[in-house]
Amino acid sequence: MRTAGAYLHIPFCVKKCGYCDFNAYSGYKTETRSRYVDALCREIVARAEPSARVPTVFFGGGTPTVLPASDLVRVLETVKASFAVDADAEVTVEANPGDATPEYLAALRAGGVDRLSFGVQTFDDRLLKSIDRIHSGEDARSAVAMAKAAGFDNLSIDLMFALPRQTLADWDRSLDAAFTLDVPHLSMYALIVEENTPFFARRERGKLPPLPSEKTEAAMFARAIERAAQEGYRRYEVSNYARPGFESRHNRIYWRNEEYFGFGAGAASYLDGARTANERHPVRYAETVAARGTATVSRERLEPREAMGETMMMGLRMADGVDLDAFARRFGARAETVYGDEIEFLTRSGVVEIEEGRLRLTERGLFVGNEVMLAFLA
Ligand code: SF4
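Note that the coordinates shown come from a computational prediction; the quantities given were computed from them, not determined experimentally.

1. What about the site of the ligand?
With respect to spatial proximity, the complete set of residues near the ligand consists of Cys-13, Lys-15, Lys-16, Cys-17, Tyr-19, Cys-20, Phe-22, Ala-24, Gly-62, Thr-63 and Arg-133. Class assignment of the residues belonging to the shell around the ligand gives a composition of six nonpolar, two polar and three charged.

2. Observations regarding the domain arrangement of the protein
Entries for the protein in the domain assignment read domain 1 (5-255) and domain 2 (305-374). Each of domain 1 and domain 2 has a C-alpha centre, and these two points are 28 Å apart. Counting residues at the interface gives eleven residues for domain 1, matched by nine residues for domain 2. Between domain 1 and domain 2 lies a buried interface of about 970 Å² when both sides are counted; carbon and sulfur atoms form 57% of it. The largest per-residue losses of area from domain 1 upon contact with domain 2 belong to Arg-235, Val-238 and Trp-255, which jointly make up 47% of the total buried on that side. Run the count over domain 1 and domain 2 and you get two salt bridges. Our count for the domain 1 to domain 2 interface comes out at five residue pairs in polar contact (both at pLDDT 80 or more). Looking at the side of domain 1 that touches domain 2, the elements with two or more residues in it are α8 (214-230), β7 (234-237) and α9 (249-255). The residue makeup of the side of domain 1 that touches domain 2, split by class, is six nonpolar, one polar and four charged.

3. Section: the pattern of salt bridges
The tally for this structure, following the rule as stated, stands at 24 salt bridges. Among the ionic pairs, Glu-259 bridges to Arg-2, the shortest N-O distance being 3.2 Å. Of this pair, Glu-259 sits in the loop between α9 and β9 (260-263) while Arg-2 sits in the segment before β1 (5-10), placing them 257 residues apart in sequence. By relative accessible area, which is 18% here, Arg-2 ends up buried. With a closest N to O distance of 2.7 Å, Asp-38 and Arg-74 form a salt bridge. Placement of the pair is Asp-38 in helix α1 (residues 30-46) and Arg-74 in helix α2 (residues 69-82), with a sequence separation of 36 residues. Salt bridges sharing common partners tie together Arg-2, Glu-49, Glu-259 and Asp-272.

4. Comments concerning the sheet that holds strand β14 (residues 352-355)
Pairing is antiparallel in the open sheet, where three strands are placed in the order β13-β15-β14. In the strand order of this sheet, the two ends are held by β13 (322-323) and β14, each with one partner. Sheet topology places β14 next to strand β15 (residues 358-361); four bridges connect them, and they run antiparallel. Across the sheet, Val-352 pairs through a bridge with Leu-361, a residue of β15.

5. Here we look at unusual backbone geometry
The step from Gly-61 to Gly-62 runs through a cis peptide bond, and the omega angle for that step is 20°. For Gly-62, the position within the fold is in the loop between β2 (49-61) and α2. The backbone of Gln-121 sits at a positive phi, close to 70°, despite the residue not being glycine. Mapped onto the fold, Gln-121 is located in strand β4 (residues 115-121).

About the thresholds
- Residues numbered from 1 in each chain as written.
- Predicted model: local features only at pLDDT ≥ 70, side-chain atom pairs only at ≥ 80, totals over all residues.
- Heavy atoms only, no water.
- Near = heavy atom within 4 Å.
- Nonpolar A, V, L, I, M, F, W, Y, C, P; charged D, E, K, R; others polar.
- Domains from an automatic or database assignment.
- Contact = heavy atoms within 4.5 Å.
- Buried area = accessible area lost by both parts, 1.4 Å probe.
- Salt bridge = Lys/Arg side-chain N within 4 Å of Asp/Glu carboxyl O.
- Polar contact = N/O pair within 3.5 Å; in protein donor to acceptor, adjacent residues only side chain to side chain.
- Helix = DSSP H or I, 4+ residues; strand = E, 2+ residues; numbered from the N terminus.
- Buried < 20%, exposed > 50% of the residue type's maximum accessible area, 1.4 Å probe, protein only.
- Pairing = 2+ DSSP bridges.

Here it is in structure tokens:
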């Protein structure tokens, strides 16, 4: 019997943000979205494994909350009918603060959702507008208050720094506002201008307002770490901070390189040592599911060395690092042997350490995490 998380992709947004490179689309009518939900339920049923234990369910996007709450609850019920979802499963919905109403949130809570992750990004209305977000700082404050009133105590907010024209003082104000909300989990990321986004094109044309310098960005990152620690949050992953007991159980499945089912347009699954991906486009996804029940379009079996490398890279994202005994049990070889040279070099460089049977980034390593992780690429 396997244990695997379940990810449900909702690829719709009211408006596409200029920096977004997710598989998300705006402008679809209610009927198209509703056909998509039908297809999603059909795919879940077609891939049902009633004996597979599912400890976490995660609705991501896009913006899941553009759908009626009843649609999200119907999808969750379909997952529960098709898999052995734990009675105390963590069930997360990513939410746009502007979509929150007391009735909507109460319907999600009554339907079995126990965790909300709000895409706040910043509380500064001027900056929100500059990154094309459609909510306001006040929407974010009231969404969190409404969520608490609806009975959610497991709440997360996403914040972004290094936004166009953002100053360190702006970032400080966002941090102040975030900590005032007293939510138990925060994700804090720097804006990255990815290729194939409107921001990238604007920057190429010299039309994107200036981004903070590398020095300012590093200062913002350091400020996030320092303030979170002062407020009682543990930085348990490179970009994630939680009060004890509120770490994201679903994301930990990814960081431990464990198995997960992915349903919906473009969703990836990692099962039986293979990674599969679904048709990306929502309309083609729904047509493919209508024709054959599922929508898998690619399958890649990972060689043991690749799976080991990914386990090291992902594991080092977490403050707890890689459990070396668990690695040996899983792969039949010790990481200290397979990656002896790399671990020795990185230990001498002061960026990783082995403590209590775990290989993890040092304080210094946490600032250069990406370069350290690349050392384990197959
Ligand atoms: S709300 Fe999120 S998923 Fe949707 S366009 Fe903006 S960044 Fe992308």
